[in-house]
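# Report on the structure
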Amino acid sequence: MNDRLAVRKTYKLYVNGAFPRSESGRTYEVTDSRGHFLANAARASRKDARDAVVAARGAFGKWSGMTAYNRGQVLYRVAEVMEGRHTQFCAEVEAGEGLSGSKARAAVDAAIDRWVWYAGWTDKLGAVLGGSNPVAGPYFDFSIPEPTGVVAVLAPQQSSLLGLVSVLAPVLAAGNTAVVVTSKQRPLPAVTLGEVLATSDVPGGVVNLLTGDAEELGPWLAEHADVDGIDLTGAPAGRAMELEREAAGTVKRVVRPSATEPDWSTDPGLSRITPFLETKTVWHPIGV
Amino acid sequence: MSSPFQYAPAPESRSIVDIAPSYGLFIDGEFVDGTGEAFKTVNPATEEVLTEVSAGSAADVDRAVAAARRAFTRTWGPMRPADRGKYLFRIARLLQERAREFAVLESLDNGKPIRESRDVDIPLAAAHFFYHAGWADKLDFAGLGPNPRPLGVAGQVIPWNFPMLMLAWKVAPALATGNTVVLKPAETTPLTALLFAEICQQADLPPGVVNIVTGAGDTGRAVVEHGDVDKVAFTGSTEVGKSIARAVAGTRKSLTLELGGKAANIVFDDAPIDQAVEGIVQGIFFNQGHVCCAGSRLLVQENIHDEVIASLQRRIGTLRVGDPLDKNTDIGAINSAEQLARIRELSDYGEAEGANRWQPACDLPDRGYWFPPTVFTDVSPAHRIAREEVFGPVLSVLTFRTPDEAVAKANNSTYGLSAGIWTEKGSRILKIADQLRAGVVWANTFNKFDPTSPFGGYKQSGYGREGGRHGLTGYLKGVTHS
Amino acid sequence: MTHVLDPDALPDEARALMAPPPPYDDVTRSDAAFRAFLHGLPGVDQVGAEARVAMLGTRSIKTTAKAWAIDTAISMVDLTTLEGADTPGKVRSLATKAKRPDPGDPTAPQVAAVCIYGDLAGVAVETLAGTGIHVAAVATAFPSGRASRAVKIADVQDAVANGADEIDMVIDRGAFLSGRYLDVFEEIVAVKEACARPGQDPAHLKVILETGELVTLDNVRRASWLAMLAGGDFIKTSTGKISPAATLPVCLVMLEAVRDFRAATGRQIGVKPAGGIRTTKDAMKHLVLVNETAGPDWLTPDWFRLGASSLLNDLLLQRQKLRTGHYSGPDYVTVD
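Definitions and cut-offs
- Residues numbered from 1 in each chain as written.
- Chains lettered and ligands numbered in written order.
- Predicted model: local features only at pLDDT ≥ 70, side-chain atom pairs only at ≥ 80, totals over all residues.
- Helix = DSSP H or I, 4+ residues; strand = E, 2+ residues; numbered from the N terminus.
- Buried ≥ 20, exposed ≤ 12 C-beta atoms within 10 Å, placed from the backbone.
- Contact = placed C-beta atoms within 7 Å.
- Nonpolar A, V, L, I, M, F, W, Y, C, P; charged D, E, K, R; others polar.
- Pairing = 2+ DSSP bridges.
- Right-handed = clockwise from strand over helix to strand, strands pointing away.
- Axes fitted to C-alpha atoms, helices over the stretch in contact; angles between N-to-C directions.
- Domains from an automatic or database assignment.
- Core = buried A, V, L, I, M, F, W, Y, C linked by C-beta atoms within 7 Å.
- Left-handed = near helix turned anticlockwise from the far one by under 90°.

### A word on the overall build of chain C
In terms of regular secondary structure, chain C is built from 14 helices and eight strands. Here chain C, with 336 residues, has 56% of them falling under the buried criterion. In chain C, the proportion of contacts linking residues at least 24 apart, taken out of those at least 6 apart, comes to 73%.

Shown next, in the form of structure tokens:
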């Protein structure tokens with residue numbers, strides 16, 4: 001240890017590829033698991049959420065229009081950059097979640113590995129989830145998975161990096177763009193992930209990270225007419241039903257939360273990809 | 001001009017159906033009296049009352065769900081999958097054997113032409129059972145994960161436009177995956193579902209596996225909101241679909257919704273024009289336009305607009321509107337007075353907002369609910385008839401100049417159920433199909449359906465798929481696809 | 001593509017005389033222009049066309065409509081014999097049948113024409129004198145059309161000289177399939193000229209496309225337009241010597257072509273499916289197709305013919321059934 005005074009980081013939002021403060025000017029105090037001050041995080045407002053949806057919608061065409069191979073490489077690049085920030089992630093997870101150093105390392109390792117796992121899915125989904133349909137007539141008929149669109153994600157409140165990656169990466173692998181409300185008490189790894197995203201090849205607007213309160217932002221996103229789906233995994237206790245009702249107003253695809261936060265170390269399968277995929281079926285006559 | 005070749009009436013015989021003066025509910029393998037107030041169902045082509053049908057009360061629904069739960073726990077759930085499949089094969093065969101009876105009954109109760117009930121609805125319904133029968137003992141191979149398991153009791157609410165076909169779309173996959181069913185047919189078209197109950201009896205299907213509770217919105221609500229239902233499947237309007245999504249929010253119930261649409265049918269200047277015109281006609285006038293995936297917005301490239309409209313009008317002039325039981329009828333009756341009023345209201349709006357209404361000269365019967373095939377030209381995207389689902393034989397014509405404009409206009413809708421593309425250029429088909437936000441894209445064809453082919457919408461047209469491997473997932477748990 | 005100089009090709013001034021009707025009078029100005037025009041016609045989606053005729057095939061024609069349709073179909077028959085073994089006796093017997101198809105029922109209408117080889121046209125003309133029944137002769141090296149143009153023209157002139165008032169020619173399918181559309185066009189024009197009859201209207205020209213060899217419906221549409229532009233009075237599906245012969249999708253496309261051609265030029269062209277139409281049900285399907293595609297204007301023998309032989313007896317049996325109320329049998333119609 002030297003006695004150099006550290007340069008602290010200002011933790012801001014990540015919206016449309018930039019790092020703005022909240023338009024509301026609000027921040028809130030983030031502490032470690034023992035209550036010591038860590039940072040003043042930006043407290044996103046409904047207008048920040050609105051801007052994030054606009055950014056996500058704007059990025060959807062480019063992101064979903066990329067070849068699956070290209071999208072896979074871009075996502076893999078994120079994991080590469082995450083690996084370079086390993087120490088920083090460990091420190092943030094350790095402080096925020098109150099984990100031992102080895103457990104924090106294990107969580108960060110798992111998070112990076114999970115990102116890699118999802119990066120490899122992009123160009124398999126079409127084959128695994130699509131196919132040709134042997135209709136009873138002279139038609140070629142095939143079904144392919146396509147991304148739903150703009151997905152709002154209420155990230156897990158407990159698992160600040162592994163949990164976040166576990167809900168965000170599948171949304172992106174499917175070709176959606178995301179507006180994420182991070183863990184309220186443990187937002188710092190999410191902001192660092194934003195810095196990773198900004199310095200990898202993910203186009204601005206594909207991922208938008210809002211630090212703040214899902215209680216406050218959730219209803220705006222659930223009701224937002226230009227949001228196509230919502231993952232309620234990190235919904236505040238007792239609020240999920242209400243958010244699902246609000247989401248029903250525009251027939252959003254909804255992932256309900258489980259009673260307690262899932263064990264993120266288990267194999268997720270496709271269960272977090274398919275809710276935000278549509279199936280498109282195309283018919284064409286077969287003739288000469 | 002009037003043709004010297006006037007087709008004489010060719011009515012399908014009604015004697016094949018035997019409609020009882022009243023019907024109860026089908027619960028636990030038997031017909032029982034409902035405790036709600038009975039309602040009448042009419043032939044929309046004549047306004048003749050066909051019969052009286054019980055309305056299921058909440059208590060009746062409760063009995064039906066209890067029967068379905070018992071059957072799930074004791075018979076259907078534990079049954080060998082191969083045997084479940086055999087029951088479904090039996091049902092498919094029984095439907096084929098009694099196809100003509102079902103077709104006539106469907107046309108009487110719904111108003112659709114016998115040609116369509118005979119050649120489309122009923123054969124496809126049988127095909128759905130036949131297809132899903134084969135899945136019953138092959139779910140492990142569906143690529144849906146290592147241990148697919150049924151959800152339990154499925155509550156299903158279906159619409160009046162394809163009563164028997166929608167029943168098949170709901171019941172066949174539910175049973176094939178090991179679930180039991182409480183189904184509520186539409187208020188105005190309950191009869192084929194009740195005849196299907198007889199099929200279940202003839203097939204010796206164990207009691208409680210299929211329960212049919214007739215009634216209106218309250219009965220449907222009781223099914224959807226019942227606490228012991230594990231799965232809700234609904235086909236109908238977007239408005240009701242939203243209320244159902246609200247009702248199941250926060251529960252364990254899995255939900256699939258197949259809702260409304262406002263499909264764009266895009267015709268490029270290099271299209272096979274005669275087939276495109278057929279496709280436009282088939283797209284909007286099939287089943288009187290009572291089709292959620294109807295091609296109700298014709299997007300025609302501006303440089304062929306006049307030619308296409310002239311061909312279309314000439315072709316529409318040959319459509320035969322009238323007695324649904326006449327084998328030569330192309331367009332039958334509007335299903336209900338209520339629906340007719342809505343079609344009239346939206347059409348009047350269309351005119352008031354400045355679009356041009358065109359209808360062929362056609363004699364409509366004096367009694368019954370009728371609306372002539374209608375084309376609106378000079379429609380702007382801001383008109384209500386360009387945005388709202390009319391659910392009737394009303395086509396709105398818009399134009400475009402470039403492929404980008406066609407796609408932008410096609411996608412400019414809160415719906416996303418289906419779309420059509422007409423062009424002889426293969427690469428253009430694939431590009432446009434890729435860009436359209438719709439669950440079913442028909443290229444150089446329209447309104448084709450098959451049990452192997454997943455059907456369902458994007459956006460506010462709903463979620464979940466019916467048909468094919470994808471359709472199984474809505475009735476299973478433990479699968480990697482949700 | 002360069003137009004290969006053909007010793008039989010017409011000089012420019014002759015070509016000017018045979019220009020198609022407006023607005024298409026310049027489309028044959030060059031091979032390239034003609035090709036561009038024919039390939040610019042809208043494509044035909046085979047599956048869609050088949051679906052359309054399948055739907056029309058479900059039309060149920062009963063009672064009074066059936067009676068009208070049977071008599072109309074009989075009156076549209078080109079009663080045909082085109083065998084190597086044909087003799088004057090055979091042609092006389094056919095022509096006799098044409099005049100009075102049902103010996104037991106004078107109300108049965110007579111047919112539109114007899115269709116025979118040109119060398120026997122005189123026999124038919126003699127037998128049919130004064131009946132109004134036309135004598136159609138196949139010509140132009142029927143059925144293959146593989147002969148020099150001079151031979152084909154001579155064939156036509158011979159048939160006309162023998163008294164045929166309708167000529168059923170075959171197009172040069174080889175030329176068509178290899179893209180020499182102007183050659184095919186010019187040959188039809190030349191045959192049309194050979195149909196001239198001094199002091200009378202020229203013999204009616206039916207142009208046989210032999211659609212079974214053209215294979216695709218796109219080709220059927222192009223060949224139909226080519227034949228109409230060249231001045232054919234009728235377009236006809238087939239020789240009857242190639243399978244498939246007349247099919248409903250082919251007939252649909254040809255009916256669309258004559259419909260569109262009249263809309264554009266004001267000239268009405270007739271359609272004749274031939275070969276493979278054997279039953280009353282087949283004939284009904286064709287009449288429905290005419291009624292709902294080209295329209296009622298085509299529902300007369302002037303504009304629609306059925307090239308057939310055994311069809312006539314089946315129509316007569318069905319006619320007897322309608323009149324008597326019981327089923328008839330083959331002993332109640334004549335074997336000719």
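### Notes on the interface of chain B and chain A
Counting residues at the interface gives 38 residues for chain B, matched by 30 residues for chain A. Broken down by element, the side of chain B that touches chain A gets its largest block of residues, five residues, from helix H8 (residues 238–248) of chain B. Taken together, the residues that form the side of chain B that touches chain A break down as 15 nonpolar, 17 polar and six charged. Alignment of strand E10 (residues 277–285) of chain A against strand E19 (residues 440–443) of chain B, held across three bridges, turns out to be parallel. Pairing of A:Thr281 across the sheet is with B:Val440, part of E19(B).

### Let's talk about the pairing of strand E11 (residues 254–258) of chain B
Residue and element names in this part refer to chain B. Within E11, five of the five residues are buried, which leaves the element mostly enclosed by the surrounding structure. Of the two faces of E11, the one lined by Ser254, Thr256 and Glu258 and the one lined by Leu255 and Leu257 are each fully buried. Inspection of the sheet shows strand E10 (residues 231–235) paired to E11 by five bridges, in the parallel sense. Of the residues in E11, the one forming a bridge with Lys231 is Ser254. Once you follow E10 into H8 and on to E11, the crossover reads as right-handed. In this sheet, strand E21 (residues 462–463) lies alongside E11 in antiparallel orientation, the contact comprising two bridges. The residue of E21 that forms the bridge with Leu257 is Tyr463.

### Considering the sheet that holds strand E6 (residues 234–236) of chain C
Residues and elements named next belong to chain C. One open sheet accounts for eight strands, arranged E7-E6-E5-E4-E3-E2-E1-E8; its pairing is parallel. Bordering the open sheet on either side are strand E7 (270–272) and strand E8 (306–308), each of which pairs with just one other strand. Adjacent strand axes in the sheet meet at a mean angle of 25° when their direction is disregarded. Bridge count between strand E2 (residues 113–117) and strand E3 (residues 134–138): five bridges; the pairing is parallel. Pairing of Cys115 across the sheet is with Ala136, part of E3.

### Details of the pairing of strand E13 (residues 297–301) of chain B
Residue and element names in this part refer to chain B. With five of five residues buried, E13 lies mostly within the body of the structure. Along E13, one buried face is formed by Arg297, Leu299 and Gln301 and the opposite face, lined by Leu298 and Val300, is buried too. Where strand E12 (residues 264–267) lies against E13, four bridges are found, and the strand directions are parallel. Looking across to E13, one finds that Asn265 is bridged to Leu298. In this view, the connection linking E12 to its parallel neighbour E13 by way of helix H9 (residues 273–285) has right-handed handedness. Where E13 lies against strand E16 (residues 394–400), five bridges are found, and the strand directions are parallel. Following the sheet pairing, Arg297 is matched in E16 by Ser396.

### Some details on the domain arrangement of chain B
Residue and element names in this part refer to chain B. As assigned here, chain B comprises domain 1 (22–259 + 461–477) and domain 2 (264–450). If you average the C-alpha positions of domain 1 and of domain 2, the two centres end up 30 Å apart. Taken residue by residue, the interface counts 20 residues in domain 1 and 26 residues in domain 2. Breaking the side of domain 1 that touches domain 2 down by element, the ones donating at least two residues are helix H3 (99–110) and helix H4 (114–135). The leading source of residues in the side of domain 1 that touches domain 2 is H4, at four residues.

### Side note on the nonpolar core
Core analysis: the biggest nonpolar cluster contains 181 residues, and A:Trp115, A:Leu168 and A:Val179 have the highest contact counts within it. Dropping the residues within four chain positions of it, A:Trp115 is found in contact with A:Leu75, A:Val78, A:Ala79, A:Met82, A:Val165 and A:Ala169. Residues C:Ile61, C:Val111, C:Leu229 and C:Val333 belong to the second largest nonpolar core, which totals 111 residues.

### Things to note about the interface of chain C and chain A
With five residues of chain C at the contact, the number on the chain A side is five residues. Its residues placed into classes, the side of chain C that touches chain A shows one nonpolar, three polar and one charged.

### Here's the deal with unusual backbone geometry
With omega at 0°, the peptide bond leading from C:Phe142 into C:Pro143 counts as cis. Mapped onto the elements, C:Pro143 comes out in the loop between E3 and helix H7 (149–161). Residues C:Ser243 and C:Pro244 are joined by a peptide bond in cis, for which omega reads 0°. Here C:Pro244 is to be found in the loop between E6 and helix H12 (248–265). The phi dihedral of A:Val251 is positive, around 55°, even though this residue is not glycine. When you line up the elements, A:Val251 lands in the loop between helix H9 (240–248) and strand E9 (253–255).

### Notes on the sheet that holds strand E1 (residues 22–23) of chain B
All names here are of chain B. Strands sit in the order E1-E5-E4 across an open sheet of three strands; the sheet is mixed. Strands with a single pairing partner mark the edges of an open sheet, and in this sheet they are E1 and strand E4 (39–43). Relative to strand E5 (residues 48–53), E4 runs antiparallel, the two being bridged by five bridges. Counterpart to Thr41 in the pairing with E5 is Thr51.

### Concerning the packing of helix H5 (residues 88–99) of chain C against helix H6 (residues 121–128) of chain C
Residues and elements named next belong to chain C. Interhelical geometry of H5 versus H6 gives an angle of 35° and a closest axis separation of 9 Å. As H5 runs across H6, the sense of the crossing is right-handed. Contacts between H5 and H6 pair Pro88, Val91, Arg92, Ala95, Thr96, Ala98 and Lys99 from the former with Val123, Ala124, Thr127 and Leu128 from the latter. Considered class by class, the residues forming the contact of H5 with H6 number seven nonpolar, two polar and two charged.

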